[in-house]
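A closer look at the structure
What follows is the residue order along each chain.
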Amino acid sequence: MRDSHKELVIKTAIQEYKNSILFGFSSSTAHAINMMEEAYYMCSAYNIKGIAELKETIKEAKEKYKNELGNL
């Protein structure tokens, strides 16, 4: 996979998360957090633009919704 495709995966994962939290936590939010984690694992070995933002977004999301994620 080329770097441009990896960047697109990262951007898409972050955007899916942002879309899922527009009206609060839902099952799609949990799915979006999982999608971000998978994108991170796939791209973390490479120096891809946006990987730092993705890592920080995952950290913030897990902290913000830790109670909700624990109840699933």
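Rules of the game
Residues numbered from 1 in each chain as written. Predicted model: local features only at pLDDT ≥ 70, side-chain atom pairs only at ≥ 80, totals over all residues. Heavy atoms only, no water. Core = buried A, V, L, I, M, F, W, Y, C linked by side-chain atoms within 4.5 Å. Buried < 20%, exposed > 50% of the residue type's maximum accessible area, 1.4 Å probe, protein only. Helix = DSSP H or I, 4+ residues; strand = E, 2+ residues; numbered from the N terminus. Contact = heavy atoms within 4.5 Å. Phe/Tyr/Trp six-rings, centres within 6.5 Å; stacked < 30°, edge-to-face > 60°. Lys NZ or Arg CZ within 6 Å of the ring centre and 35° of its normal.

Notes on the nonpolar core
Ranked by internal contacts, the top residues of the largest apolar core, which has 15 residues, are Ile-10, Tyr-17, Met-36 and Leu-54. Sorting elements by how many residues they give to this core places helix 2 (residues 27-43) first, with five residues. With near-sequence residues (within four places) excluded, Leu-54 lies in contact with Ile-10, Ile-14, Met-36, Ala-39 and Tyr-40.

So, the packing of aromatic side chains
Per the counting criterion, the structure on display carries two aromatic pairs. Aromatic side chains Phe-25 and Tyr-65 sit 5.2 Å apart centroid to centroid with 40 degrees between the ring planes, which places their arrangement in the tilted category. You can see Phe-25 sitting in the loop between helix 1 (3-20) and helix 2 and its partner Tyr-65 sitting in the loop between helix 3 (51-64) and helix 4 (66-70), a full 40 residues away along the chain. You can call Phe-25 partly exposed: its relative accessible area is 24%. The cationic tip of Lys-6 hangs over the ring face of Tyr-46; the distance from NZ or CZ to the ring centre is 3.8 Å.

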